[in-house]
Amino acid sequence: AQSVTQLDSQVPVFEEAPVELRCNYSSSVSVYLFWYVQYPNQGLQLLLKYLSGSTLVKGINGFEAEFNKSQTSFHLRKPSVHISDTAEYFCAVRHSGYSTLTFGKGTMLLVSP
Amino acid sequence: DVKVTQSSRYLVKRTGEKVFLECVQDMDHENMFWYRQDPGLGLRLIYFSYDVKMKEKGDIPEGYSVSREKKERFSLILESASTNQTSMYLCASSQDRINTEAFFGQGTRLTVV
């Protein structure tokens, strides 16, 4: 079975500081990895995705993520966060042969002045 | 832009009522999904459909059913609503290709009293 672990349920950070949100997945086959963001009372919006090729993936709003196959990780990073980045972030995996996405439990990023 | 539209943003229903949550997508996607989202539990898949009149159970199908009579529309049905079905419900759609992401609606916050 597919599974995704987001190790931190909440990450508080000051504005303009760097941030890393951690994601690990279980798999022994090819995977496709995604990060979504959810602002309050909204649906999910895609931040970035890893399909193949370069392990460093750049997304919207200055976010990037690095695929590490040996560590089965796909951590999300931003060098300098803004107040407007306050939201919940979900990591998701889709395994080769499966139609569905499996989500982690989410990490709430709280950016304060 | 891909658009996934859920018919209601907020719903309040009584215990025992039959509840219909409607979802429409305008991008001719083959796959459609219903998730429920609860604090600390992330997104859990209830049902998905990969074609008209086809459906597959997800991780938590108990107490729910679905209907897909047309490609663009996917309905979630609570046959007899209960208070433990109070939640945020998210509809999503995707192309039937392994390397594509899912697109989400705005969500329906259902309260069963």
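Please refer to the structure higher up on the page.
Just so you know, these numbers come straight off a predicted model, no measurement behind them.

Student: Even after reading the chapter, I still don't get the interface of chain A and chain B, so can you show me in this structure?
Tutor: When the parts come together, some accessible area is lost, and that loss is often what is quoted as the size of the interface. Listed per partner, the contact involves 24 residues of chain A and 26 residues of chain B. Of the roughly 1,900 Å² buried at the junction of chain A and chain B (both faces included), carbon and sulfur atoms supply 52%. Our enumeration of links across chain A and chain B arrives at seven residue pairs in polar contact (both at pLDDT 80 or more). Those elements giving two or more residues to the side of chain A that touches chain B turn out to be β5 (31-38), β6 (44-50) and β10 (87-95) of chain A. Looking at the side of chain A that touches chain B residue by residue, the classes come out as 10 nonpolar, 10 polar and four charged.

Student: Sorry if this is basic, but what is going on with unusual backbone geometry here?
Tutor: In terms of backbone geometry, most residues other than glycine have negative phi values and most peptide bonds are trans. Residue and element names in this part refer to chain A. Despite not being glycine, N41 shows a phi value in the positive range, around 60°. As for its position among the elements, N41 is in the loop between β5 and β6. Judged by relative accessible area, N41 falls into the partly exposed class, the value being 39%. Unlike most non-glycine residues, N61 shows phi in positive territory, near 60°. Here N61 lies in the loop between β7 (56-58) and β8 (64-68). The class of N61 is partly exposed, set by a relative accessible area of 40%.

Student: Before we go on, may I ask you to explain the state of the cysteines in this structure?
Tutor: Disulfide: a covalent bond connecting the sulfur atoms of a pair of cysteines. Within the structure shown, the criterion is met by two disulfides over all chains. C23 of chain A shares a disulfide with C91 of chain A; S-S distance 1.9 Å. Between C23 of chain A and C91 of chain A, the S-S dihedral sits near -65°, and the bridge is therefore left-handed. With a gap of 68 residues between them, C23 of chain A in the loop between β3 (19-21) and β4 (24-26) and C91 of chain A in strand β10 connect regions that are remote in the sequence. The pair C23 of chain A / C91 of chain A is uniform in exposure class, with both members buried. Note on cysteine connectivity: C23 of chain B is disulfide-linked to C91 of chain B, with sulfurs 1.9 Å apart. Taking the sign of the S-S torsion, about -80° here, the bridge from C23 of chain B to C91 of chain B comes out left-handed. Highlighted residues: C23 of chain B in strand β3 (residues 19-25) and C91 of chain B in strand β9 (residues 87-94), separated in sequence by 68 residues. The class for C23 of chain B is buried, based on a relative accessible area of 0%. Residue C91 of chain B is classed as buried on the basis of its relative accessible area of 0%.

Student: Looking at this structure, how should I read the sheet that holds strand β8 (residues 73-78) of chain B?
Tutor: Residue and element names in this part refer to chain B. With respect to topology, four strands assemble into an open sheet ordered β1-β3-β8-β7, the strand pairing being antiparallel. Unpaired on one side and paired on the other, β1 (4-6) and β7 (64-70) mark the two borders of the sheet. Adjacent strand axes in the sheet meet at a mean angle of 20°, parallel and antiparallel pairs treated alike. Relative to β8, β7 runs antiparallel, the two being bridged by five bridges.

Student: So what exactly am I meant to see when it comes to the packing of aromatic side chains here?
Tutor: Each pair of aromatic rings is reported with the distance of its centres and the angle of its planes. All names here are of chain A. As enumerated under the stated definition, the model contains 13 aromatic pairs over all chains in all. Judged by centre distance (5.8 Å) and plane angle (50°), the ring pair of Y36 and F103 falls under tilted. With Y36 in strand β5 and F103 in strand β11 (residues 102-103), this pair connects stretches of sequence that are 67 residues apart. For the residue pair Y36 and F103, the accessibility class agrees, reading buried in each case.

Cut-offs used in this document
Residues numbered from 1 in each chain as written. Chains lettered and ligands numbered in written order. Predicted model: local features only at pLDDT ≥ 70, side-chain atom pairs only at ≥ 80, totals over all residues. Heavy atoms only, no water. Contact = heavy atoms within 4.5 Å. Buried area = accessible area lost by both parts, 1.4 Å probe. Polar contact = N/O pair within 3.5 Å; in protein donor to acceptor, adjacent residues only side chain to side chain. Helix = DSSP H or I, 4+ residues; strand = E, 2+ residues; numbered from the N terminus. Nonpolar A, V, L, I, M, F, W, Y, C, P; charged D, E, K, R; others polar. Buried < 20%, exposed > 50% of the residue type's maximum accessible area, 1.4 Å probe, protein only. Disulfide = S-S within 2.5 Å. Pairing = 2+ DSSP bridges. Axes fitted to C-alpha atoms, helices over the stretch in contact; angles between N-to-C directions. Phe/Tyr/Trp six-rings, centres within 6.5 Å; stacked < 30°, edge-to-face > 60°.

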